[in-house]
Amino acid sequence: MGQLRRMLCLWLLLLGFTLVLLIVSDLFHRENESSLQDFDSPRHRFRGNPGPPDDLELIGDATLELLPELVPISSLKEDQLLFVASTQETESKKWSYRVLLPAARKAEEEGAPDRSLPEARHPKCLGDQYSESLPSASVIICFHDEGWSTLLRTLHSVLNTAPRAFLLELLLVDDHSTHDHLKTRLSEYTSHLDGVRLIRSDKRLGVGGCRNLGASEASGEVLVFMDSHCECQKGWLEPLLERVAQDRTRVVSPIMDVIHRETFQYSATQWPVWGVFNWNLEFSWESKPQVLDDESDLAVEAALSPALGGVLAIDRHFFHNVGAFDPGILLRGGEQIELSIRVWLCGGSMEVVPCSRVAHLDHSLPSQDHEQLERNKIRVADTWLDNYRSIFYRRDTLAHFIRQSERPNITERLQLMKKLGCRDFHWYLTTVYPQLYVPQDRPELSGEMYNVAVGGCVDRLPGRDAMILAPCTGTGSQHCDFNSDGEVRWGPAGALCLDAVGEQVVLSECQRAIGERLQWTYIKSSGQLLHRLSQLCVEALKDGQHPGSGAGDLVLRSCTHHPAQQWHFEQLVSP
Ligand code: UDP
Ligand code: MN
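Only a predicted model underlies this, so the values are computations on that prediction, with no experimental measurement involved.

Asks: Looking at this model, I keep getting lost on the overall build of the protein. Mind explaining?
Replies: Within the protein one finds 14 helices and 28 strands. When the 575 residues of the protein are sorted by exposure, 50% land in the buried category. For the protein, long-range pairs separated by at least 24 residues make up 72% of all intrachain contacts whose partners lie at least 6 apart in sequence. Total accessible area on the protein stands at roughly 27,700 Å², and carbon and sulfur atoms take up 53% of it.

Given below as C-alpha cells:
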C-alpha cells in the first residue's frame, strides 16, 4: 500500500517536472520572440539600450501572489502578456515571473525620463535678457492615467528648464488615475523632488476641474497650465512671465512643437501660428498665411491669437476673477475654447510668444465619451455664441438633438458674464477673429446638397479636393452654404469653396484671387447649379461613368433639365 502511494507520488512528481520544463521552454521561446519584435519596432530607436529592459517590475493587476508556482500562467490573458522575463529562482526557491502589462511596457519604451531638445528658437531669442524681477510661477500639471516615463519626462523637463528663481512650485494633480505606477511609486518618487507637490483628487474632475483644483492650491503669481505629456525648450518660461508681468490680463502660450505619438520624435512648429476654432467648436493650431522675413522683428514678437490650447500662462488673480475654468465642462473637450472666448470678451487678451517653445505629445485619442464632448460644446455655444449658435447647431446635429431634450444650466455663468461686463460674440467675430467666415445658412440655400438622379449627397473625398456623391449622413458633416456672394462654402470653418478645374468640380481655399471661378448661380425652380464663368451646370455622374480613377463624381456639363443636374439644399435642423 505504502509502496503504491510512493510510486504514485513519484509519477506525479515526474509529470509535474515535465510540465515545468515545457512551460519554461515556452517562456524562453516567447522572450526571444518578444525581444526580436522589440528590436524591429520603430520605437526601439529611441530607447537607450537594445533588448528588453532588465529591471522589469510587476505592474498591473497580476502580482506574484496571484502567480503561485507556474500554474496561473495559462490563465493570463495572452494579449496582456507582452513580455515575460526568464524565470528565476528566488531565495525561497520558488519560481517567479516578472510580467509587463501593456501600459507599463509602453511607459518603459517611451525612453529615458531626461532628454534635451534640439534648439528650435529663433537666434534673436537666444540673447534675450529677462528682468530679474519676473513674477513667480506655479506650474500645474494635471494627469489622468499618464504613462510613467511620459509623466516623468514632463516633470523633469520643467525642473531642468525653469529657473528656480521664478519657478515657485510644480503641482502635479492626479485626476483620479487608475494605473498602479501612479500610486505609491509616484508618491515616493516625487517626495524626493524639491518644489514638487503631488495632489490627489478622489474623484474624476476632468481637465478643467482638475486645473481648477491645482489653481486653488497654487500660490505663484502666475499659473502655468501644462499637459502631462510635454517637453520644454530651454528658456520657455521667462518670455511668458515677462508678457504677463507687463499686462496682467494677458494670457499667453508658447509655440507648441510636436512630439510624434509613435516615435517620440520632436518637430518644431513653423512661426507664425495661432490657435483657432471652427463652427463645430473644434480647436486647432493653424499656421498663418504670412511669410516672415527672418530679419523681421515679427519673427520674435508675440502675436495675438483668437484661442489657445492646453499650455498657457495666466496671472493667478486674473484667472480667478475671470471665472477659472467653467466647472460645468466635464471630462475633456471644449474647456480651452470656452476660456479663450471668455478671456477675450471679458477684458483680457491672448497671444502666442514665439521665443517660448513647449513640445506636446500628439496623441489625439478619440474622445471616450462622445456625448459628454457634445454637452461641453452645447455649454460653450449656449453661454457665448448668442444668435450665432444656430450656425453651430446646423453643423453639429447630434448637439442639436441632445439640446432638444436637455438644456445646460448656465445661470451662474451668465451672472458672471454680467458681473464682468463681457462683450458679445459679434464683437469677438469682428474684432478678435474676423478671419472666421460667418455662414449665412439661408433656408433652401444651405444644408446637404442632394442630387435627384443619384439620390446621394455631395461629400468630400478624405484628403482630396475632388467632390463625390455619398449616402447622405444627416449629421451635418455634409453641410454647405450657398451665400449671397455666389460661393458654395463647405466644411465647419467655411474656408473651402466649390470650384471648377477643367470639367471637374473640386474644393479650393476661398480666395479673392480666384473669385470668379468660385461663383455659382443656383436656379431654385430647376435645381440647376450654374458655374458663372463657364456657363455650365453641375452634373452628378453615376457609377461607371467615371472618366478616370481618382476623379470625383461632380462634373461641369452643358445645362439640361436631366435629374442628374437637379440639386436640393436640404436643411437638417432649424434651430
Ligand atoms: N486630463 C485630466 N483629466 C481628464 C482628462 C485629461 O486631468 O479627465 C489631463 C491629461 O492627462 C492631460 C490634460 O488633462 O495632461 C489634457 O488632456 P489631453 O492631453 O487628453 O487633451 P488634448 O491634449 O488632447 O487636448
Ligand atoms: Mn494633451
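Asks: I'm lost on the coordination of the manganese ion (ligand 2) in this one. Help?
Replies: The reference angle at a metal is 109.5 degrees if four donors form a tetrahedron and 90 or 180 degrees if six donors form an octahedron. Bound to the manganese ion (ligand 2) on the protein side are Asp227 (OD), His229 (NE2) and His360 (NE2), at distances that span 2.1 to 2.2 Å. One chain supplies every donor to the manganese ion (ligand 2), and in sequence these donors are spaced D-x1-H-x130-H. Of this pair, His229 sits in the loop between β8 (222-226) and β9 (230-232) while His360 sits in strand β16 (residues 349-361), and the two are 131 residues apart along the sequence. For His360, a relative accessible area of 21% puts it in the partly exposed group.

Asks: What is the right way to look at the packing of aromatic side chains in this model?
Replies: Using the criterion set out here, one finds 15 aromatic pairs in the structure. Seen in terms of ring centroids, Trp279 and Phe425 are 6.4 Å apart; in terms of plane orientation they differ by 75°. Their pairing is edge-to-face. One end of the pair, Trp279, is in the loop between β12 (273-277) and β13 (283-287); the other, Phe425, is in helix α14 (residues 425-432), and 146 residues separate them in sequence. In this structure Phe425 comes out as buried when scored by relative accessible area, which is 0%. Where Phe425 meets Tyr428, the ring centres are 5.3 Å apart and the plane angle is 10°; that geometry is what we call stacked. One end of the pair is Phe425 and the other is Tyr428, both in helix α14 and three residues apart, which spans about a single turn. No difference in accessibility class separates Phe425 from Tyr428, as the two residues are buried. Grouping aromatic residues by their ring pairs yields a cluster made of Trp274, Phe277, Trp279, Tyr388, Phe425, Tyr428 and Tyr433. Directly above the ring of Trp148 sits Arg185, whose terminal nitrogen or CZ lies 3.9 Å from the centroid.

Asks: Help me understand the packing of helix α9 (residues 335-345) against α14 in this model?
Replies: Pairs of packed helices are described in terms of their axes, by the angle between the two and the distance that separates them. Packing of α9 against α14 leaves a shortest axis separation of 10 Å and a crossing angle of 85°. On the basis of the axis angle, α9 is roughly perpendicular to α14. Listed contacts from α14 to Ile341, Trp344 and Leu345 of α9 are Phe425, Trp427, Tyr428 and Val432.

Asks: Hey, could you run me through the nonpolar core in this one?
Replies: Of all hydrophobic cores here, the largest spans 58 residues; its most connected members are Phe225, Ile341, Trp384, Leu385 and Phe425. With six residues, α9 is the largest single contributor of residues to this core. Setting aside its immediate chain neighbours within four residues, Phe425 contacts Phe277, Trp279, Ile341, Leu345, Trp384, Leu385, Asp386 and Tyr388. Counting residues in hydrophobic clusters, the runner-up holds 35 residues, among them Leu134, Leu155, Val196 and Leu237.

Asks: Whenever I open this one, the pattern of salt bridges confuses me. Can you help?
Replies: When charged atoms on two side chains of opposite charge get close, those side chains can pair. Across all of its chains, the model carries 29 salt bridges by this definition. Two residues, Glu231 and Arg115, come together in a salt bridge whose shortest N-O distance is 2.6 Å. With a gap of 116 residues between them, Glu231 in strand β9 and Arg115 in the loop between α2 (102-109) and α3 (123-126) connect regions that are remote in the sequence. The exposure class assigned to Glu231 is buried, which follows from its relative accessible area of 3%. In this structure, Asp194 engages Arg164 in a salt bridge whose closest nitrogen and oxygen atoms are separated by 3.8 Å. One end of the pair, Asp194, is in the loop between α5 (184-191) and β7 (196-200); the other, Arg164, is in the loop between α4 (148-161) and β6 (167-174), and 30 residues separate them in sequence. Taking the relative accessible area as the measure of exposure, Asp194 reaches 62% and is therefore exposed. Residues joined by salt bridges that share partners form a network here, namely Arg115, Arg153 and Glu231.

Asks: Please clarify how the site of ligand 1 should be interpreted in this entry.
Replies: Taken together, 14 residues form the shell around ligand 1, and within it Cys142, Asp175, Arg204, Ser228 and Arg332 come nearest. The side chain of Ser228 places a nitrogen or oxygen atom 2.7 Å from an oxygen atom of ligand 1. For ligand 1, an oxygen atom lies 2.6 Å from a polar atom in the side chain of Arg332. Across the complex, the protein chains shield 86% of the 530 Å² of accessible surface that ligand 1 would expose by itself. Residue assignment for the shell around ligand 1 shows that the elements contributing at least two residues are β5 (137-143) and α6 (206-217). With three residues, the top contributor of residues to the shell around ligand 1 is α6. Partitioning the shell around ligand 1 into residue classes produces four nonpolar, six polar and four charged.

Asks: I would appreciate a short explanation of the state of the cysteines in the present structure.
Replies: Should the sulfur atoms of two cysteines be covalently bonded, the bond is a disulfide. Summed over the entire model, instances satisfying the criterion amount to six disulfides. The disulfide partner of Cys497 is Cys510, and the S-S distance across this bridge is 2.2 Å. Torsion about the S-S bond of the Cys497 and Cys510 cystine: about 110°, corresponding to right-handed handedness. Within this pair, whereas Cys497 is found in strand β22 (residues 496-501), its partner Cys510 is found in the loop between β23 (504-509) and β24 (520-523), the two being separated by 13 residues in sequence. A sulfur-sulfur distance of 2.1 Å marks the disulfide that ties Cys537 to Cys559. Classification of the bridge connecting Cys537 and Cys559 rests on its S-S torsion, roughly 95°, and on that basis the disulfide is right-handed. A residue pair is termed long-range when its members are at least 10 positions apart, and Cys537 in strand β26 (residues 536-540) and Cys559 in the loop between β27 (554-557) and β28 (567-570) qualify at 22 residues. Given the relative accessible area of 0%, Cys537 is considered buried. Numbered in order of appearance, the disulfide-bonded cysteines of the protein are paired 1-5, 2-3, 4-6, 7-8, 9-10, 11-12.

Asks: Just checking my understanding: could you explain helix α13 (residues 411-420) for this structure?
Replies: Helical periodicity: at 3.6 residues per turn, an α-helix aligns residues three or four positions apart in one direction. The complete set of buried residues in α13 reads Arg413, Leu416 and Met417. Looking straight down α13, one finds that the buried residues subtend no more than 100° of arc, so they occupy a single side. α13 presents Glu412, Gln415, Lys418 and Lys419 as exposed residues on the side facing more than 90 degrees away from its buried surface. For α13, the elements touching its buried residues are α8 (316-321), α9 and α10 (370-384). In the segment just after α13, Gly421 is the residue with positive phi, at about 65°.

Asks: I tried to follow the environment of Gln368 on my own but got confused; where do I start?
Replies: Mapped onto the elements of the fold, Gln368 is located in the loop between β16 and α10. Looking at Gln368, the relative accessible area reads 68%, which means it is exposed. Distance from Gln368 to Leu331, taken between C-alpha atoms, is 9.5 Å for residues 37 residues apart in sequence.

Here is what the cut-offs are and how they apply
- Residues numbered from 1 in each chain as written.
- Chains lettered and ligands numbered in written order.
- Predicted model: local features only at pLDDT ≥ 70, side-chain atom pairs only at ≥ 80, totals over all residues.
- Heavy atoms only, no water.
- Helix = DSSP H or I, 4+ residues; strand = E, 2+ residues; numbered from the N terminus.
- Buried < 20%, exposed > 50% of the residue type's maximum accessible area, 1.4 Å probe, protein only.
- Contact = heavy atoms within 4.5 Å.
- Areas by Shrake-Rupley, 256 points an atom, 1.4 Å probe, with all protein chains shown as cover.
- Donors = N, O, S within 2.8 Å, 3.2 Å for Na, K, Ca; no water.
- Phe/Tyr/Trp six-rings, centres within 6.5 Å; stacked < 30°, edge-to-face > 60°.
- Lys NZ or Arg CZ within 6 Å of the ring centre and 35° of its normal.
- Axes fitted to C-alpha atoms, helices over the stretch in contact; angles between N-to-C directions.
- Parallel < 35°, antiparallel > 145°, perpendicular 65-115°, else oblique.
- Core = buried A, V, L, I, M, F, W, Y, C linked by side-chain atoms within 4.5 Å.
- Salt bridge = Lys/Arg side-chain N within 4 Å of Asp/Glu carboxyl O.
- Near = heavy atom within 4 Å.
- Polar contact = N/O pair within 3.5 Å; in protein donor to acceptor, adjacent residues only side chain to side chain.
- Nonpolar A, V, L, I, M, F, W, Y, C, P; charged D, E, K, R; others polar.
- Disulfide = S-S within 2.5 Å.
- Arc of directions from axis to C-beta.

It is worth stressing that arrangement in space is one thing and function is another; only the former is reported here.
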